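Fold and contact review
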Amino acid sequence: WGTTVQAKDKKIVIGAAASTFADKWLSFLHDGITKFGDEHDDVKIMMTDGRDDPGIQLGQVETLLTQGVDAMMIVPVDISTIGPMINSSKEAGVPIVVVNRLPEPEFVEQIDVYCGSESIQAGIMQAEWVAEALQPDGGKIAIITGMPGHEAAMMRTEGNKQIFAKYENIEIVAETTARWQ
């Protein structure tokens, strides 16, 4: 695909459909994508901000596809709504990279690349650090999660709880969402 595009002597156009750039981590991703585009004369990047709305993001992906992108990077607002974006990209013959939010197994098989962490393991690592820092006395913990229903928020929290359950001197006293803010 890269060779074919380069042989046509045109820029590779990458659609980058983010869930939101209001999130601090995603703002770093935005900056990295922008820098990559600036450093490569043979690449054009078209970025969109889904404003944490799956309907807006789906419309943006459809628009990027009609504008003729050569590849699509998606940071899904909600993994349960990624199916139509994958279907549209596949119908257009556009390779798909999903970043940071692991889709359901049925969709993982349809994407070309997933770039992100294994969320339960990330939660385990977070909680191990906190549990170690609280020893030997233990303590009370509040878990502040990301977006409700979001794979990373749910699985990282699950990983946290697996570790904290091993400590009699650590108590989870609250769990609430901050919606990645």
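Up top is the structure these notes are about.
Since the model is a prediction, treat every value here as computed from it, not as a measurement. (Residues numbered from 1 in each chain as written. Predicted model: local features only at pLDDT ≥ 70, side-chain atom pairs only at ≥ 80, totals over all residues. Heavy atoms only, no water.)

**Here we look at the pairing of strand 6 (residues 139-145)**
This is how the line gets drawn: A pair of strands is labelled paired if DSSP reports no fewer than 2 bridges between them. Numbering of helices and strands runs from the N terminus, with a helix taken as a DSSP run of H or I at least four residues long and a strand as a DSSP run of E at least two residues long. Here the term right-handed applies to a crossover when the path leading from its first strand over the helix to its second strand runs clockwise, the strands being oriented away from the viewer.
Note: strand 6 against strand 7 (residues 170-177), 7 bridges, orientation parallel. Opposite Ile 144, over in strand 7, you have Thr 176 as the bridge partner. After leaving strand 6, the chain enters helix 7 (residues 151-164) and then returns to the sheet as strand 7, a path that is right-handed.

**Quick notes on the sheet that holds strand 4 (residues 96-99)**
Formally: Axis lines are fitted to C-alpha atoms, over the contacting stretch for helices. Their N-to-C directions set the angle, which ranges from 0 to 180 degrees. By the convention used here, residues are in contact when the closest approach between their heavy atoms is within 4.5 Å.
Read from one edge of the open sheet, 5 strands run 2-1-3-4-5, paired in parallel fashion. The open sheet terminates on both sides in strands that have one partner only, identified here as strand 2 (43-49) and strand 5 (113-115). Averaged over all adjacent pairs, the angle separating strand axes in this sheet is 20°, with direction ignored. Relative to strand 3 (residues 71-74), strand 1 (residues 12-18) runs parallel, the two being bridged by 4 bridges. Note on strand 3: the bridge partner recorded for Ile 14 is Ala 71. On top of the sheet, helix 2 (residues 24-39) reaches strand 1, strand 2, strand 3 and strand 4; it is set at about 160° to strand 2, its chief contact. Along the sheet, helix 3 (residues 54-66) makes contact with strand 1, strand 2 and strand 3, crossing strand 1 at roughly 175°.

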